Amino acid sequence: MNNSIHSINASSTTDITCRGLTWFELLTKQLDKHSTQVPSVQVADGELAGRACRFIAVVPDLNNHFPRAKNGEVGLLEGIALAREVQAVIKADEQQSDKRALILVVDVPSQAYGRREETLGIHQALAAAVSAYANARQSGHPVIALLVGKAMSGAYLAHGYQANRIIALSDEGVMVHAMGKAAAARVTQRTEAELDQLAKEIPPMAYDLKSYASLGLIDNLLSVESACHPTENDKQLVEQALTASLLDIQPNDIGIARRLNGENREASRHVRDLLKAQWSGD
Amino acid sequence: MSNSPVVKDNSFVEQSARQRIKRLLDKDTMRELISPFERVTSPWLAKQGIVSQFDDGVVIARGKIDGEETVVAAIEGSFQGGSLGEVSGAKIAGALELAVEENAKGNPMSAVLILETGGVRLQEANLGLAAIAEIQSAIISLRKYRPVIALVTGPVGCFGGMSISAALCSYIIMTREGRLGLNGPLVIEQEAGIVEYNASDRPFIWSLIGGKQRFESGLVDSYINDSQKSVREAVVDHLNRGVPSVHRTEKYCDLLEAFLHLDTQDQITPENAQQLLMEGGGHE
Amino acid sequence: METLHFQRRAQENHVQPTLVGCVGSGDLEVMIEPSDSEFSDIYIQTSTAGSEVRWQQIIDQITPVIPLPAMRMDIHDFAATPGVIRLRIEQALEQATSVGGDKHE
């Protein structure tokens with residue numbers, strides 16, 4: 001992979017957009033790659049702990065037909081391609097009781113920003129992917145997201161956030177957020193230093209994984225030797241974690257309510273309790 | 001501006017979130033859940049010294065539309081740009097989750113989402129994003145039973161993660177004032193440059209993502225006037241249509257080949273987009 | 001953000017819970033709830049710093065015109081002008097003391 005590709009988020013100095021491909025290739029080395037019509041969406045089929053799995057990643061493609069989606073962004077083509085690859089699995093396994101698992105390698109710097117994208121309805125393309133992943137989960141496919149790099153905003157909604165389980169590498173370059181720091185500073189009329197200061201008291205605003213984990217949105221945080229250049233040990237650790245999650249997901253475990261247990265999600269629980277108490281009106 | 005003391009009587013756009021629900025539901029059937037008098041405000045805005053609102057910018061109510069049990073969620077676009085934080089997001093997600101349970105028990109219940117939103121509230125960033133993922137999961141569960149209808153009437157429009165939520169709904173209804181797009185115009189201009197996207201050129205923006213264009217491109221189901229009567233009629237009409245045989249999220253996937261053949265050297269015009277979206281999937 | 005509290009002796013008794021307005025730019029929300037005390041308690045959250053004197057003036061202008069009932073009034077202000085503030089407070093008081101009116105907008 002070309003090391004000169006830089007993430008579009010200028011606030012990060014590390015080159016991390018290749019992580020998705022690195023991890024995808026590492027985990028699927030022995031497996032059948034399955035070419036899609038969209039080179040930025042990589043798919044491989046295989047097994048993990050005896051369970052049939054489909055691995056899916058969105059990766060950079062410098063020759064992307066849509067110029068504003070070259071760096072691993074989730075754009076029009078990616079949204080639809082993800083949806084189709086997942087729909088195909090749902091359809092193929094319709095009659096099976098043992099549904100294939102979906103393993104999502106997540107390193108998505110953002111959704112694609114552009115005139116063509118908006119005009120053609122990129123929101124609808126991302127919705128196609130969201131819909132496919134949620135349908136897969138709700139129809140009994142174990143869906144596991146493995147965060148190896150950025151998991152940003154709309155891109156993460158489309159590729160990762162509908163998973164039953166979320167596993168993340170404990171590494172600086174792994175980040176979940178609604179907006180890159182530079183853009184967030186502009187929009188909220190603060191400096192990046194002020195944002196960092198605020199993040200110490202406001203965990204949902206923080207860019208570090210530990211704060212994010214306190215929201216209950218990560219099931220397993222893995223300490224690897226190198227997130228960029230994974231070692232054999234790292235590979236084993238990740239495979240063990242994926243296997244453990246697969247075994248943990250029971251056939252009726254098709255919702256995402258477990259995310260509400262996080263330490264810093266008290267209000268999310270409180271609101272649901274109130275709604276439930278008032279729902280019937282008696 | 002919505003909720004101003006003087007409003008046009010019959011306008012829907014100019015009404016506050018709470019009034020919109022009241023006008024939409026059958027007379028005297030509205031019952032608000034977590035009313036503002038319960039003071040369930042954002043725990044995170046207060047910590048940042050930002051003035052809160054008693055309903056955190058989202059109104060949830062149960063009631064009937066044309067006699068049918070419905071839960072309605074309305075976002076107040078005037079408060080923090082209609083952005084979703086932990087509380088406001090949980091109100092929508094939680095209400096939809098309960099509507100799913102209701103249907104699972106055999107009691108039909110539809111949902112209407114009145115969307116005026118820029119998406120995630122950046123002061124509560126990751127909890128807003130998480131709530132949107134939960135809202136999306138609930139919409140996908142609920143739309144299998146009964147229609148989930150998105151209303152995008154403006155003035156704010158519907159952007160960010162919530163534009164994806166709208167796209168997941170069974171039906172989308174828009175007015176001319178409404179806009180529907182993933183990225184806010186200003187964000188695109190900043191990320192991609194003014195040549196790509198001139199956020200201050202209002203006719204340009206509306207020509208790409210306004211209600212009329214979205215309807216003529218087949219990305220929404222209904223294009224209506226700004227009146228309470230037409231909003232209600234359109235909602236009733238779509239509730240009566242029931243669950244669509246194929247959801248838009250699936251139909252849209254037929255466009256892949258057309259997108260792969262699109263000339264991406266030149267910029268796209270609104271007319272090209274309409275033609276491609278209406279004919280590209282082979283679904284005339 | 002600044003938080004302020006004003007207390008005035010109440011002149012009148014009956015109020016119903018009322019909410020008007022919205023915390024939008026240049027606007028405010030005003031909530032009124034009944035109170036058992038003999039006072040009108042007014043709690044204000046405002047985005048405008050150093051505005052205590054201005055709020056006091058607004059309240060002093062209103063009290064001779066509209067007798068304040070026994071109530072708790074909460075104001076969430078997002079940089080509204082004094083004119084808009086007066087309008088909203090008067091609107092809220094009118095609704096809170098009118099019989100059978102809309103409970104809240």
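Since the structure is predicted, the reported quantities are computational estimates derived from the model, not experimental observations.

A separate point is the overall build of chain C. Secondary structure assignment for chain C yields two helices and five strands. Taken from N to C terminus, the helices and strands of chain C fall in the order β-β-β-β-α-β-α. Taking 105 residues into account, the globule formula puts the C-alpha radius of gyration at 13 Å, and chain C, at 13 Å, falls close to it. For chain C, the spread of C-alpha atoms along the principal axes amounts to about 35 × 25 × 20 Å. Within chain C, the fraction of its 105 residues that count as buried is 46%. Summed over all atoms, the accessible surface of chain C reaches about 4900 Å², with 49% contributed by carbon and sulfur. Once the 7 positive and 16 negative side-chain charges of chain C are each reduced to a mean point, those two points are 2 Å apart.

Take the overall build of chain B next. A tally of regular secondary structure across chain B gives 12 helices and seven strands. Against the compact-globule benchmark of 19 Å for 284 residues, chain B has a radius of gyration of 18 Å, which places it among compact chains. Oriented by its inertia axes, the alpha-carbon framework of chain B measures out at about 55 × 45 × 35 Å. Per-residue burial for chain B yields a buried fraction of 67% across its 284 residues. Contacts in chain B between residues far apart in sequence, at least 24 positions, make up 70% of those at least 6 positions apart. Counting only carbon and sulfur atoms, one obtains 49% of the accessible surface of chain B, whose full area is about 9400 Å². Of the side-chain charges in chain B, 27 are positive and 37 negative, and the distance between the mean point of each set is 8 Å.

Our next topic: the nonpolar core. Leu120(A), Leu147(A), Tyr161(A), Leu169(A), Ile92(B) and Phe259(B) are the most contacted members of the largest nonpolar core, which has 171 residues in total. Looking at which domains feed residues into this core, each of domain 1 (17-244) and domain 2 (245-284) of chain B gives three or more. Excluding residues within four positions of it along the chain, Leu147(A) makes contact with Val106(A), Tyr156(A), Ile166(A), Ile167(A), Ala168(A), Leu169(A), Val174(A) and Val176(A). Listed in part, the 23 residues of the second largest apolar core include Leu28(C), Ile59(C), Met73(C) and Ala92(C).

This next bit is on the interface of chain A and chain B. On the side of chain B, 88 residues touch chain A, which itself brings 79 residues to the contact. Taken as a group, Arg115(A), His123(A) and Trp279(A) account for 13% of the area that chain A buries against chain B, more than any other trio of residues on that side. Across the salt bridge formed by Arg272(A) and Glu97(B), the nearest N and O atoms sit 2.9 Å from each other. Counting across the interface, chain A meets chain B through 42 residue pairs in polar contact (both at pLDDT 80 or more). At the level of secondary structure, the elements contributing two or more residues to the side of chain A that touches chain B comprise α2 (76-92), α3 (115-119), α4 (122-138), α5 (153-158), β7 (175-177), α6 (181-188), α7 (192-201) and α10 (266-279) of chain A. Broken down by element, the residue count for the side of chain A that touches chain B peaks at 13 residues, all from α4(A).

Overall, the coordinates contain five aromatic pairs over all chains when judged by the stated rule. When the centroid spacing of 5.7 Å and the interplanar angle of 70° are considered together, the rings of Tyr197(B) and Phe204(B) count as edge-to-face. Of the two residues, Tyr197(B) and Phe204(B), neither departs from the other in class, the shared state being buried. Aromatic side chains Phe215(B) and Tyr223(B) sit 6.1 Å apart centroid to centroid with 20° between the ring planes, which places their arrangement in the stacked category. Accessibility expressed as a relative area gives 28% for Tyr223(B), which makes it partly exposed. A network of ring pairs unites the aromatic residues Phe66(A), Tyr252(B) and Phe259(B) as a single cluster. Its end group placed over the ring of Tyr207(A), Lys181(A) keeps NZ or CZ at 5.4 Å from the ring centre.

In this section: the pattern of salt bridges. Inspection of the entire model under this criterion finds 37 salt bridges over all chains. Residue Glu257(B) pairs with Arg84(A) through a salt bridge whose shortest N-O separation is 3.0 Å. Of the two residues, Glu257(B) sits in helix α11 (residues 256-261) while Arg84(A) sits in helix α2, which places them in two different chains. Among the salt bridges present, the one from Asp253(A) reaches Arg165(A), with a minimum N-O distance of 2.6 Å. Placement of the pair is Asp253(A) in the loop between α9 (232-248) and α10 and Arg165(A) in strand β6 (residues 165-169), with a sequence separation of 88 residues.

Turning our attention to the domain arrangement of chain B. All names here are of chain B. Domain annotation for chain B reports domain 1 (17-244) and domain 2 (245-284). Spacing between the C-alpha centres of domain 1 and domain 2 amounts to 25 Å. Taken residue by residue, the interface counts 17 residues in domain 1 and 13 residues in domain 2. The junction of domain 1 with domain 2 conceals about 1300 Å² of combined surface from both sides, 49% of it contributed by carbon and sulfur atoms. Three residues stand out in domain 1 for area buried against domain 2, namely Arg-143, Leu-219 and Pro-244, and they jointly supply 37% of the buried area on that side. A salt bridge links Asp-221 to Arg-248; its shortest N-O distance comes to 3.0 Å. Looking at the side of domain 1 that touches domain 2, the elements that each hand over two or more residues are α5 (161-168), α7 (202-209) and α8 (211-216).

Rules used in this analysis
Residues numbered from 1 in each chain as written. Chains lettered and ligands numbered in written order. Predicted model: local features only at pLDDT ≥ 70, side-chain atom pairs only at ≥ 80, totals over all residues. Heavy atoms only, no water. Helix = DSSP H or I, 4+ residues; strand = E, 2+ residues; numbered from the N terminus. Rg over C-alpha atoms; globule rule 2.2 N^0.38 Å. Buried < 20%, exposed > 50% of the residue type's maximum accessible area, 1.4 Å probe, protein only. Areas by Shrake-Rupley, 256 points an atom, 1.4 Å probe, with all protein chains shown as cover. Lys, Arg positive; Asp, Glu negative; His and termini not counted. Charge placed at Lys NZ, Arg CZ, Asp CG, Glu CD. Contact = heavy atoms within 4.5 Å. Core = buried A, V, L, I, M, F, W, Y, C linked by side-chain atoms within 4.5 Å. Domains from an automatic or database assignment. Buried area = accessible area lost by both parts, 1.4 Å probe. Salt bridge = Lys/Arg side-chain N within 4 Å of Asp/Glu carboxyl O. Polar contact = N/O pair within 3.5 Å; in protein donor to acceptor, adjacent residues only side chain to side chain. Phe/Tyr/Trp six-rings, centres within 6.5 Å; stacked < 30°, edge-to-face > 60°. Lys NZ or Arg CZ within 6 Å of the ring centre and 35° of its normal.

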